[in-house]
Amino acid sequence: MAEDGKGEGKELAEGLWIIRRRRRYLWGLLLVYIPAIWVSLEVTGSDRKTAYVFAVWFVLVFAAILAAAVVRCPRCGNPFHLSGVLPMFFRSCRHCGLGLDADRNK
Ligand SMILES: [Zn+2]
């Protein structure tokens, strides 16, 4: 599949699409935090039940951070957001500098 330039471009686009999707999950979860806690307090009226909501949210965010941190760059094959130990969620590869929208603005 990857011998011709077209196949490579497709792999790049698919790889970047996966990275963008994982980033969207992560930012979506972070944005939903305050409304989720507020709704939980309104609906349950219970700090204890809201603590469960927080625990579930925390586990989901942790999983989303891990998933986004280990996602591979489609060009160089290294972890896109990971350079060293801490993930840095910049919009380009930490290793080869491939932009998150490299398949879009051609
Ligand atoms: Zn790269």
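It should be emphasised that the depicted structure is a prediction, and the values quoted were computed from it without experimental measurement. (Residues numbered from 1 in each chain as written. Predicted model: local features only at pLDDT ≥ 70, side-chain atom pairs only at ≥ 80, totals over all residues. Heavy atoms only, no water.)

Participant: Looking at this model, I keep getting lost on the environment of Lys49. Mind explaining?
Facilitator: Positionally, Lys49 belongs in helix α2 (residues 47-70). Between the alpha carbons of Lys49 and His95 there is a distance of 43 Å; along the sequence they are 46 residues apart. Among all residues touching Lys49, those that are not within four sequence positions of it are Ser40 and Thr44. (Helix = DSSP H or I, 4+ residues; strand = E, 2+ residues; numbered from the N terminus. Contact = heavy atoms within 4.5 Å.)

Participant: I'm lost on the coordination of the zinc ion in this one. Help?
Facilitator: Geometry sets the ideal angles at a metal, namely 109.5 degrees for four tetrahedral donors and 90 or 180 degrees for six octahedral donors. For the zinc ion, the protein coordination sphere consists of Cys73 (SG), Cys76 (SG), Cys93 (SG) and Cys96 (SG), at 2.3 Å. Coordination at the zinc ion is tetrahedral, judged from the four donor atoms that bind it and the angles of 107 to 114° they form at the metal. All donors of the zinc ion come from a single chain, and their spacing in sequence reads C-x2-C-x16-C-x2-C. In this pair, Cys73 sits in the segment after α2 while Cys96 sits in the segment after α2, placing the two residues 23 residues apart along the sequence. (Donors = N, O, S within 2.8 Å, 3.2 Å for Na, K, Ca; no water. Tetrahedral: all angles 85-135°; square planar, octahedral: opposite > 155°, others 65-115°.)

Participant: Even after reading the chapter, I still don't get the UniProt feature "transmembrane region" (unreviewed entry) in the chain, so can you show me in this structure?
Facilitator: Here the UniProt-annotated "transmembrane region" (unreviewed entry) positions come out as residues 25-45 and 51-71. From the first C-alpha to the last, residues 25-45 spans 28 Å; its make-up is 95% helix and 0% strand. Annotation note: span residues 51-71, helix share 95%, strand share 0%, distance between end C-alpha atoms 30 Å. (UniProt positions renumbered as here; feature names shortened; annotations may be inferred.)

Participant: Is there a simple way to think about the nonpolar core in this case?
Facilitator: For soluble globular proteins, the rule of thumb is that nonpolar side chains tend to be buried together. Ranked by size, the top nonpolar core spans nine residues in total: Leu12, Leu16, Ile19, Val71, Cys73, Phe80, Cys93, Leu98 and Leu100. If sequence neighbours within four positions are ignored, Leu100 has contacts with Leu16, Ile19, Arg20, Arg23, Phe80, Arg91 and Ser92. Listed in part, the six residues of the second largest apolar core include Leu26, Trp57, Val61 and Ala64. (Core = buried A, V, L, I, M, F, W, Y, C linked by side-chain atoms within 4.5 Å. Buried < 20%, exposed > 50% of the residue type's maximum accessible area, 1.4 Å probe, protein only.)

Participant: Could you clarify how one ought to interpret the pattern of salt bridges in this entry?
Facilitator: When the charged atoms of two side chains lie near each other, side chains of opposite charge can form a pair. Considering all chains together, one arrives at five salt bridges under this definition. A salt bridge links Lys10 to Glu14; its shortest N-O distance comes to 3.8 Å. With Lys10 and Glu14 both in helix α1 (residues 5-44), this residue pair falls four residues apart, about one helical turn. Residue classification places Lys10 among the partly exposed positions, given a relative accessible area of 45%. One salt bridge connects Arg91 with Asp101, and the closest N-O pair in it is separated by 2.9 Å. Of this pair, Arg91 sits in the segment after α2 while Asp101 sits in the segment after α2, and the two are 10 residues apart along the sequence. What makes Arg91 partly exposed here is its relative accessible area of 48%. Salt bridges here are not isolated pairs; linked through shared partners, they connect Arg20, Arg91, Asp101, Asp103 and Arg104. (Salt bridge = Lys/Arg side-chain N within 4 Å of Asp/Glu carboxyl O.)

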